[in-house]
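Structural features, examined
The chain contents come next:
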Amino acid sequence: MDVEKQYDLFVIGGGSGGLACAKQAAKLGAKVALADFVKPSPLGTKWGLGGTCVNVGCIPKKLMHFAATLGELRHDQVEAGWVDTQVDSKHNWEKMVENVNNHIRKLNFGYKNQLMRGDVKYYNKLAELIDANTIKLTDNKGQIETVTAKNILIAVGGRPSYPDNIPNIQKLVITSDDLFWLQENPGKTLVVGASYVALECGGFLHGIGNEVAIMVRSILLRGFDQEIAEKIGLYMEEKGIRFIRGCVPDMIEATEDNKRKVTWIINGQKYEEIFDTVLVATGRVSDTQKLNLEKVGVNMNKNGKILCSADDKTSVPNIFAIGDCVEGRPELTPTAIKCGQLLANRLFNKATELMSYEFVATTVFTPLEYGCIGYSEEDAIKKFGEDKITVYHSIFKPLEWNYFEMHSGESCFAKLIVLNDNRRVIGFHYLGPHAGEVTQGYAVAMKMGVTKEQFDSTVGIHPTCSEELVQVTAVKGIDEAQKEGC
Amino acid sequence: MQEHTLVIKTENDWKALVLQNAKPVIVDFYADWCGPCKVLKPKLHELLAQNQGKWELAIVNVDIEELQKISSQYASQGIPAVYLFHKGEQISTFLGNSEAKAKDMAAKAASL
């Protein structure tokens, strides 16, 4: 005889995916509880409810990126006629961080209230599975309580990983977990990594006036279109960000005045430099280690990512997993949210719709922003064959960039990848200002199967950067991307 | 003026200083990150200074871990959330930065 379980659904992890699923399930009448607990970073940084995106990801990142772009606009302001603008005035890190952190705390508070009003029981405790229906909860004082649930959702996300070749590295470097809560400007910073996290953080740190070097082992933005990735790197270099390519730190040591001495080797030659801060952004690891998943029978890959079927089921029938902690899922907030909502619908409303990861739009908020949907050129060639696709490309200059003469006329770039047999646009790439705003609408079209001819028959809005996408005619390999004249 | 404010830090403070207070207590639920809270606070202090000792002002910072249960109960609709308590009973409440509602509540508190 089945003992009645306390909850219909117990969610472990109060981030984008977990919160969305919990709220939706409760809306559909399920008895839901959610446990969220932030293990402090090695340097002691911690934060509230909401997960990576809200606390140490998208939200603070975008706000700080925006702060940096505001600094750059000073030059344009002067040429646009504004008087008394100080192009070299200093940036106050403390003020920015205080405002960013206060906004995050407001979001933490809002989420807590949403759970309460939505009848989701919130445990600010660290969860661990005892068996497929029993969860052990430990609070920050070490007190333990046990609950039972019919279904369990694991949405624990991930945390930054550290290189393993440097002793005591966790105490010597910061990661994105720490950067957004630093009470003091990190100063001259070495960013280790070539992920979007590394480039975005290095980008805004430089934008607010810090000296920044970015150490890259091989390529930039692995997984993204490499032609665009290199353009992003070139733009950042032209702005004054140093790239140290082809190596990793060999040694990092604290100096007497608490700076960091970093050593690296290129072609047998040893280099050494002092930085105020080293920011490591070389990857993220799934946060599943202490959940006791192996004992309960939930299968993971060797990196700790949970293996799930398309309907988010793990190897244990009543245990589900969504978001960053699942193998093969994009590490994005909107996909985790949608996935969580659809899962709740399937569990508690007899729905059947599965999450689709096709044509998910995303944007990298580097100093020159990059929005993309669908296939990179490399992936399109790999999947379909070079002769089965046509690539259209265009170099353009935003109209607003014509006030300040130092703006480049060759950095902004648009690329469309078209499948020859049905003329469907399968890859959309926009490198330029406001990339997120430009890209979003096109995702709707791509999900509907838009063709290049439909793009071409669409009248552009003038004068904008976005109109480039419905006017691009130059074919890569035949025509130059740069237009001649006006 | 400031020293008359009851700063609630624990559940015991809540019981002793708000629920068991012989005088009526106006309680202000606020947070450091809340803009409207910052605007309302001095207005409440002004009203406190003018009340000739008829009621007390207590403040609760909703970010204090120990007070989570109380904060969730009273501040779940948003902040600033202001309550009038008398002899352990909630008499009235208002939400948001409203000088008019604060004045009304102060008048009511003085009449109890």
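Each value, and the rule that gives it
- Residues numbered from 1 in each chain as written.
- Chains lettered and ligands numbered in written order.
- Predicted model: local features only at pLDDT ≥ 70, side-chain atom pairs only at ≥ 80, totals over all residues.
- Heavy atoms only, no water.
- Helix = DSSP H or I, 4+ residues; strand = E, 2+ residues; numbered from the N terminus.
- Rg over C-alpha atoms; globule rule 2.2 N^0.38 Å.
- Buried < 20%, exposed > 50% of the residue type's maximum accessible area, 1.4 Å probe, protein only.
- Contact = heavy atoms within 4.5 Å.
- Lys, Arg positive; Asp, Glu negative; His and termini not counted.
- Charge placed at Lys NZ, Arg CZ, Asp CG, Glu CD.
- Expected span 1.5 Å × (residues − 1).
- Polar contact = N/O pair within 3.5 Å; in protein donor to acceptor, adjacent residues only side chain to side chain.
- UniProt positions renumbered as here; feature names shortened; annotations may be inferred.
- Domains from an automatic or database assignment.
- Buried area = accessible area lost by both parts, 1.4 Å probe.
- Salt bridge = Lys/Arg side-chain N within 4 Å of Asp/Glu carboxyl O.
- Phe/Tyr/Trp six-rings, centres within 6.5 Å; stacked < 30°, edge-to-face > 60°.
- Lys NZ or Arg CZ within 6 Å of the ring centre and 35° of its normal.
- Pairing = 2+ DSSP bridges.
- Axes fitted to C-alpha atoms, helices over the stretch in contact; angles between N-to-C directions.
- Right-handed = clockwise from strand over helix to strand, strands pointing away.
- Nonpolar A, V, L, I, M, F, W, Y, C, P; charged D, E, K, R; others polar.
- Disulfide = S-S within 2.5 Å.

1. Comments concerning the overall build of chain B
In terms of helices and strands, chain B carries 4 helices and 5 strands. When the elements of chain B are put in sequence order from the N terminus, they spell out β-α-β-α-β-α-β-β-α. On C-alpha atoms alone, chain B measures out to a radius of gyration of 13 Å, which is about the 13 Å that the 2.2 N^0.38 rule sets for 112 residues. Judged by the C-alpha coordinates and their principal axes, chain B covers about 35 × 30 × 25 Å. Burial analysis of chain B (112 residues in total) assigns 49% to the buried set. Taking the intrachain contacts of chain B between residues at least 6 apart in sequence as the baseline, contacts between residues at least 24 apart amount to 66%. Each charge sign in chain B was given a centre, from 12 positive and 13 negative side chains, and these centres are 6 Å apart.

2. Notes on helix H8 (residues 226-239) of chain A
All names here are of chain A. Taking 1.5 Å per residue as the helical rise, H8 with its 14 residues ought to reach 20 Å, and the 20 Å between its terminal C-alpha atoms agrees with that figure. Gln226, Ile228, Ala229, Ile232, Gly233, Tyr235 and Met236 are the residues of H8 that are buried. Capping the start of H8, aspartate 225 holds a side-chain oxygen 3.1 Å from the backbone nitrogen of glutamate 227, two or three residues further along. Two residues or fewer past H8, glycine 240 is found with a positive phi of approximately 115 degrees.

3. Focus on the UniProt feature "domain: FAD/NAD(P)-binding" (unreviewed entry) in chain A
Here, the residues flagged by UniProt with the feature "domain: FAD/NAD(P)-binding" (unreviewed entry) are residues 7-339 of chain A. End C-alpha atoms of residues 7-339 of chain A are separated by 21 Å, and the span's content is 33% helix alongside 25% strand.

4. Digging into the domain arrangement of chain A
Residue and element names in this part refer to chain A. When the domains of chain A are assigned, the result is domain 1 (7-160 + 285-348), domain 2 (169-282) and domain 3 (362-471). When each unit is reduced to the centre of its C-alpha atoms, the spacing between domain 1 and domain 3 is 31 Å. Domain 1 puts 8 residues into the contact, and the matching count from domain 3 is 9 residues. Taken over both partners, the interface formed by domain 1 and domain 3 buries close to 800 Å², and the fraction arising from carbon and sulfur atoms is 62%. A per-residue breakdown of the area domain 1 buries against domain 3 is headed by His65, Asp76 and Glu79, which together make up 51% of the total. Across the contact surface, domain 1 and domain 3 share 0 salt bridges.

5. Points about the packing of aromatic side chains
Summed over the entire model, instances satisfying the criterion amount to 19 aromatic pairs over all chains. Feature note: the residues Trp14, Phe29, Tyr74, Tyr83 and Phe85 of chain B constitute an aromatic cluster, connected by ring pairs. The side chain of lysine 188 of chain A reaches across the aromatic face of phenylalanine 275 of chain A, ending 4.8 Å from its centre. A cation over a ring is seen here: lysine 452 of chain A above tyrosine 392 of chain A, with NZ or CZ 4.4 Å from the ring centre.

6. Some remarks on the sheet that holds strand S12 (residues 260-266) of chain A
All names here are of chain A. Taken together, 3 strands build an open sheet; the order of strands is S11-S12-S13 and the sheet is antiparallel. Each edge of the open sheet is held by one strand with a lone partner, namely strand S11 (249-254) and strand S13 (269-275). Taking each pair of neighbouring strands and ignoring which way they run, the sheet shows an average axis angle of 20 degrees. Bridge count between S11 and S12: 5 bridges; the pairing is antiparallel. Within S12, the position partnered with isoleucine 252 by the bridge is valine 262.

7. Things to note about the pairing of strand S2 (residues 25-30) of chain B
Residue and element names in this part refer to chain B. Taken across its 6 residues, S2 has 6 buried, putting it largely inside the fold. Burial of S2 is two-sided: the residues Val25, Val27 and Phe29 facing one way and the residues Ile26, Asp28 and Tyr30 facing the other way are all buried. As paired elements, S2 and strand S3 (residues 56-61) share 6 bridges and run parallel to each other. Each residue of the ladder has a partner; that of valine 27, found in S3, is alanine 58. Handedness of the crossover is the feature at issue here: the chain leaves S2, passes through helix H2 (residues 35-49), returns alongside S3, and the resulting connection is right-handed.

8. Quick notes on the interface of chain B and chain A
In this complex, chain B contributes 12 residues to the contact, which on the side of chain A involves 9 residues. Counting the surface chain B buries against chain A, the share from its top three residues, Trp33, Ser72 and Ser76 of chain B, is 58%. Joining chain B to chain A, the criterion identifies 0 salt bridges. One can count 4 residue pairs in polar contact (both at pLDDT 80 or more) joining chain B with chain A. Class assignment of the residues belonging to the side of chain B that touches chain A gives a composition of 4 nonpolar, 5 polar and 3 charged.

9. Here's the deal with the side chain of aspartate 225 of chain A
All names here are of chain A. For aspartate 225, the location among the structural elements is in the loop between strand S9 (212-216) and H8. A polar contact of 3.1 Å, which involves the side chain of aspartate 225, links it to the backbone nitrogen of glutamate 227. Excluding its chain neighbours within four sequence positions, the residues that come into contact with aspartate 225 are Tyr370, Ser376, Glu377, Glu378, Lys415 and His429.

10. A look at the pairing of strand S21 (residues 425-431) of chain A
All names here are of chain A. Most of S21 is tucked away: 7 of the 7 residues are buried. Here strand S18 (residues 370-374) pairs with S21 via 5 bridges, running antiparallel. Bridge pairing in S21 places tyrosine 370 opposite leucine 431. As paired strands, strand S20 (residues 412-419) and S21 are joined by 6 bridges and run antiparallel to one another. Within S21, the position partnered with lysine 415 by the bridge is histidine 429.

11. Section: the sheet that holds S9 of chain A
Sheet strands pair via backbone hydrogen bonds, and the direction of the pair is either parallel or antiparallel. Residue and element names in this part refer to chain A. What the 4 strands build is an open sheet, ordered S10-S9-S8-S14; its pairing is parallel. Bordering the open sheet on either side are strand S10 (242-245) and strand S14 (277-280), each of which pairs with just one other strand. In this sheet, neighbouring strand axes are inclined to one another by 20 degrees on average, regardless of whether the strands run parallel or antiparallel. In this structure, strand S8 (residues 189-192) lies alongside S14, joined through 4 bridges in parallel fashion. Bridged to valine 192 within S14 is valine 280. Docked against the sheet, helix H7 (residues 196-207) engages S8, S9, S10 and S14, running at close to 165 degrees with respect to S9.

12. Here's the deal with the state of the cysteines
Applying the stated rule across the entire model yields 1 disulfide over all chains. The cysteine cysteine 325 of chain A is free of any disulfide, with cysteine 308 of chain A supplying the nearest cysteine sulfur at 7.3 Å.

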